[in-house]
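Geometric and topological summary
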Amino acid sequence: MWVRWRILANRMSRRGKMNSVLFAVLVLLGAMFSVGSFLATFLIGVVELPEAESMEIWGVWVGLSIAFLLFWMIGLMTELSRSDSLSIKNLLHLPVSLGWVFINNYLSSFVSLSIAFFLPAMLGLALAMTKTFGAIMLLCFPLVLGFFLLVTALTYHLRGWLARLMEDKRKGKNIVMGITFGFVLLVQIPNFINMATSGDQLDGRIEKYSLQSKARMEGPDQEQAIAELEAFLKVEEAEALVLERRLILTTQVIPFGWLPYGMHALHEKRILPITLCLLGFYLLAGLSLRRSYRTTMRGIVEGEGHGSGIAAGSKAGKAKKVKSMAQGIPLVERNLPWMSDEVSGITFANLRSLLRAPETKMMMLGPIIMFAFMGMMLAKKEDTESYAALFPAMSLGAISMGMISVNQLLQNQFGLDRAGFRAFVLSPVPRARILIAKNLTLAPFGLGIGILALCGFQFFAPADANHFFGAFLQVFSAFMLLCLLGNTLSIYAPIRMREMGTKAVKPKFSTFVLQFLTLVFVPLTLAPLLLPWGVEYLLQRMGWASGLPVYLLLHGFMLCIVFLLYRWFIRQQGEILQGREQEILDVLTRD
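Residues numbered from 1 in each chain as written. Predicted model: local features only at pLDDT ≥ 70, side-chain atom pairs only at ≥ 80, totals over all residues. Heavy atoms only, no water.

Once that is clear, we can look at the overall build of the protein. For the protein, the count of helices and strands is 21 helices and 0 strands. The buried share among the 591 residues of the protein stands at 38%. Put simply, the protein shows about 33700 Å² of open surface, and 68% of that area lies on carbon and sulfur atoms. (Helix = DSSP H or I, 4+ residues; strand = E, 2+ residues; numbered from the N terminus. Buried < 20%, exposed > 50% of the residue type's maximum accessible area, 1.4 Å probe, protein only. Areas by Shrake-Rupley, 256 points an atom, 1.4 Å probe, with all protein chains shown as cover.)

Moving on: the packing of helix α17 (residues 431-460) against helix α18 (residues 465-492). At a minimum axis distance of 9 Å, the contact between α17 and α18 shows a crossing angle of 140°. For the crossing formed where α17 meets α18, the hand is right-handed. Note on element contacts: α18 touches α17 through Phe468, Ala471, Phe472, Val475, Phe476, Phe479, Cys483, Asn487 and Ile491, opposite Leu435, Asn439, Leu442, Ala443, Gly446, Leu447, Gly450, Ile451, Leu454 and Gln458. (Axes fitted to C-alpha atoms, helices over the stretch in contact; angles between N-to-C directions. Left-handed = near helix turned anticlockwise from the far one by under 90°. Contact = heavy atoms within 4.5 Å.)

Glancing now at the confidence of the model for the protein. The predicted model of the protein has a mean per-residue pLDDT of 78, with 75% of residues at 70 or higher. Per-element mean pLDDT across the protein ranges from 44 in helix α10 (residues 307-327) up to 92 in helix α21 (residues 550-589). Low pLDDT (under 50) marks residues 304-326, which in the prediction has 11 contacts with non-local residues, meaning those over four places away or in another chain. (pLDDT = per-residue confidence, 0-100.)

On to unusual backbone geometry, then. At Lys269, a residue that is not glycine, the phi angle is positive and equals roughly 60°. Within the secondary structure, Lys269 sits in the loop between α8 (258-267) and α9 (271-300). The residue Trp338 is not glycine, and still its phi comes out positive at about 65°. Residue classification places Trp338 among the exposed residues on the basis of a relative accessible area of 85%.

The next subject is the environment of Arg270. Secondary-structure assignment places Arg270 in the loop between α8 and α9. Among the polar contacts listed, one links the side chain of Arg270 to the side chain of Glu268, at a separation of 3.1 Å. (Polar contact = N/O pair within 3.5 Å; in protein donor to acceptor, adjacent residues only side chain to side chain.)

This paragraph deals with the pattern of salt bridges. A side chain of one charge can pair with a side chain of the opposite charge if their charged atoms are brought near each other. For the structure shown, the criterion picks out 4 salt bridges. Ionic pairing is found between Glu268 and Arg270, a salt bridge with its closest N-O pair at 3.1 Å. Glu268 sits in the partly exposed class, given a relative accessible area of 36%. One salt bridge in this structure joins Arg433 and Glu342, with 3.3 Å as the shortest N-O distance. Of the two residues, Arg433 is situated in helix α17 and Glu342 in helix α11 (residues 341-356); the sequence distance between them amounts to 91 residues. (Salt bridge = Lys/Arg side-chain N within 4 Å of Asp/Glu carboxyl O.)

The tally for this structure, following the rule as stated, stands at 4 cavities of 30 Å³ or more. Quantified by volume, the largest cavity comes out at close to 120 Å³. Lining of the largest cavity is provided by Asn350, Ser353, Leu354, Leu409, Asn412, Gln413, Leu416, Asp417, Lys438, Thr441 and Leu442. Residue assignment for the lining of the largest cavity shows that the elements contributing at least two residues are α11 and α17. (1 Å grid on protein atoms, 1.4 Å probe; cavity = no way out; pocket = protein on both sides within 12 Å on 5 of 7 lines; lining within 4 Å. Points joined across faces, edges and corners; volume = space filled by probe spheres on them.)

Turning our eyes to something else, we now look at the side chain of Asn350. The residue Asn350 is located in helix α11 in this model. Excluding anything up to four places from it in sequence, Asn350 contacts Asp417, Phe424, Lys438 and Thr441.

Turning our attention to the packing of aromatic side chains. The final tally for this structure, using the stated rule, is 15 aromatic pairs. Here the aromatic rings of Phe414 and Phe421 are separated by 5.0 Å at their centres, their planes lie at 65°, and the arrangement is edge-to-face. According to the relative accessible area criterion, Phe414 is buried, its value standing at 1%. Its relative accessible area of 2% is what places Phe421 among the buried residues. (Phe/Tyr/Trp six-rings, centres within 6.5 Å; stacked < 30°, edge-to-face > 60°.)

Met403, Phe414, Phe421, Leu454, Leu526, Leu529 and Leu577 are the most contacted members of the largest nonpolar core, which totals 57 residues. Top element by residues in this core is α18. It accounts for 13 residues. Leave out the neighbours within four places in its chain, and Phe421 touches Phe414, Leu577, Glu581, Ile584, Leu585 and Leu588. In this structure, Ile115, Leu125, Met129 and Phe148 belong to the second largest nonpolar core, which totals 39 residues. (Core = buried A, V, L, I, M, F, W, Y, C linked by side-chain atoms within 4.5 Å.)

So, about the packing of helix α14 (residues 391-404) against α18. In contact at an axis separation of 10 Å, α14 and α18 are set at 40° when each is read in the N-to-C sense. The angle between the axes of α14 and α18 places the two elements in the oblique class. Between α14 and α18 lies a crossing of right-handed hand. Where α14 approaches α18, its residues Phe391, Pro392, Ser395, Leu396, Ile399 and Met403 are matched on the opposing element by His467, Phe468, Ala471, Gln474, Val475, Ala478, Phe479 and Leu482. Its residues assigned to classes, the contact of α14 with α18 shows 11 nonpolar, 3 polar and no charged. (Parallel < 35°, antiparallel > 145°, perpendicular 65-115°, else oblique. Nonpolar A, V, L, I, M, F, W, Y, C, P; charged D, E, K, R; others polar.)

Another aspect to go through is a nonpolar patch on the surface. Taken together, the side chains of Tyr492, Phe509, Phe512, Val513, Leu514, Phe516, Leu517, Leu519, Val520, Phe521, Leu524 and Ile576 make up a nonpolar region of the molecular surface, amounting to roughly 1100 Å² of accessible area. Element by element, the count of residues in the nonpolar patch is highest for helix α19 (residues 509-526), at 10 residues. Mapped onto the secondary structure, Val513 falls in helix α19. Here Val513 falls in the partly exposed class, since its relative accessible area comes to 31%. (Patch = residues over 30% accessible without salt bridge, like charges linked within 9 Å, V, L, I, M, F, W, Y side chains within 5 Å.)

What follows concerns the environment of Leu287. When you line up the elements, Leu287 lands in helix α9. With a relative accessible area of 48%, Leu287 lands in the partly exposed category. Separated by 137 residues in the primary sequence, Leu287 and Leu150 place their C-alpha atoms 9.9 Å from one another.

Before going further, it helps to examine the environment of Asp464. Along the chain, Asp464 turns up in the loop between α17 and α18. C-alpha of Asp464 to C-alpha of Phe391: the two residues are 73 residues apart in sequence and 9.8 Å apart in space. In this structure the side chain of Asp464 is engaged in a polar contact, spanning 2.7 Å, whose partner is the side chain of His467.

Our next topic: the side chain of Thr130. Checked against the element boundaries, Thr130 lands in helix α4 (residues 113-133). Other than its neighbours up to four places away in sequence, Thr130 contacts Met137, Leu138 and Phe141.

Here is the structure:
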C-alpha cells in the first residue's frame, strides 16, 4: 500500500498543482455523487418499502442489477485488457508478498464510476430494508457485497485472460470485434422480445377492453358478459402467476440474478435460499480470483501464456499454413474464370484482407439485426397474400436495404487500402481492371446479402416462380449499378479510414456532402429496375401477357443492358481513376 501511495504521489507531483487541484475536485465530486445516491435510495426505500410486496422488491433489485451490469459492460468495452496499477513483474526482486500485490491490483479495479454510483445506492436501499423489515435484513449487506465481489472477480479474470490473448494484434482485433458484436446483440434482445410479444399483448388488451365494455352495458347479455370477463381475468391472473414463477426461476439459475432472488427470499423470511446465494457468490468469486492469480503467476514467473504461448501459437500457425498449402492452392494464387491474372490476383488479395479485417465483420452486424426485425414483422403478419401484388417493389426494397449495409465499403473502396494504395499507383495494371477487381471483391458480400434478403422475403411472403427468379436476376443488376455509383464516389470522394475501425480521419466538407447525398443517389440509381414491373402491369391490363413470364424475361433483358452499361462505364471510370490517383494517394496517406 505504501508503494502504491508513493507512485500516486509522484504522479501527482509531476503533473503540477493545477492537475492536483483538478484531481481533488473530481474526487470530491465523486464522493458527493456516491453520498447522494446512497441518501436517495435510502429515503425512497423508507417511504415506499413498507407497502411493497415480495415481487415488487424483486423487480427493484432486478432493475438495479441490470442497470449496473449494463454500465459495467460499457466500461469493460472501453478497456478490455487488464492494466494493473502495480506491475508484479517489476516487483519480483523485492521482498514483498506477490499475493498482496495481486489483491491490491484487484481492489484498484473497483475504482469506476458505475461502482461509485450503484454500490452506495444498493447499500442505501439495503439499509432502508433493514430499518423497515427488521434485523433479519442485515443479511442484505453481505448479499450486496457478494454480488459486487462476483462481478469484479469475474471481470478481473476476464481482463487478464484477454490481455494475454491480445498480445497477438490480429487476434486482439478479432476479440474486440467479437465482444462488440455480442454486446450489440445482447442489447437488442429486449427489442426482439418486445416485437415477438407485442402483438399478443395488444390482442389481449383489446379483448379485455371489449369484455369490460359489454359488462357495463345493461341488457339481457350483461350477466354472460360479466361471466366471460371474470373467466378472462382468472386466465390473465394465472398467466401472470406462471410468468412470475418463470422470472423467479431465471434469477435462481443465473448467478447474476442471485441478488434479486436473495432479496425476494429474504423478504419472505426464507433463510436457506439466502445461505445458498451467499455461498455461491463468495465461492465463485474466490475460485475466479484464485484462477486469475495462478494464471498471472504462471504467465509472469514461469513464462507461460505470454511469449511461449505466442511462440507456440506462431509455430502452430506455421504448421497449419504448411498443411493448408500442401492440401490446396492458397486463396491469393487462385484464378477466376473468364478473368485475367491481374484481376484474379487483386480480387483475392483484397478478399483476404477484408476477411481478416474486423471492420468487415462488424458491418455484417447491421444486416443480421435488420433481417431479424424484418423477419419478425413479416412472421406476425397473417395476411401475406396482400404482398403478392407488391412483391417486385418490396423485394427490391429488401435487396436494397441488404446491399446498403455494405455501402460504406462500396463507396470508399480505397479507404481500407490506406498506404497500400501506392501498390496500385505503381502497378502497370490498367485502372479499369483494378476497379473490376475491387467490385468482384465485394460481390460475395453484396450479392450474398441481397440473395439472402430475397430468400427471406420469399419464405415469409411466397411469390410465383416468375417473380422470384426475376427478382433473383434483379439482385445482379442492382449490384452492378451500385458498383458504378460506388466507383464514382471512391474516385471523387475518397476517405482515409482509421487503423482500428471505420472512422474517417479528417474528411473534407465536400467529401462529407457527397457521401451524404448517396442517400438520394441510391434510390435514383435503382429506380430503373422497377420498369419491368410497370411494363408487366400495363401488359396485363391490356391482356397481352397471359401465360407469359413477362417479369422474368424483362429482368433478363434488363440484366443484359446493365452488364453492357457496366462494361462501357468501367472503362471511363478507369481513365478517371488514372488521372486522379495521385490526389487519392495524398488523401489516404496524409497525416
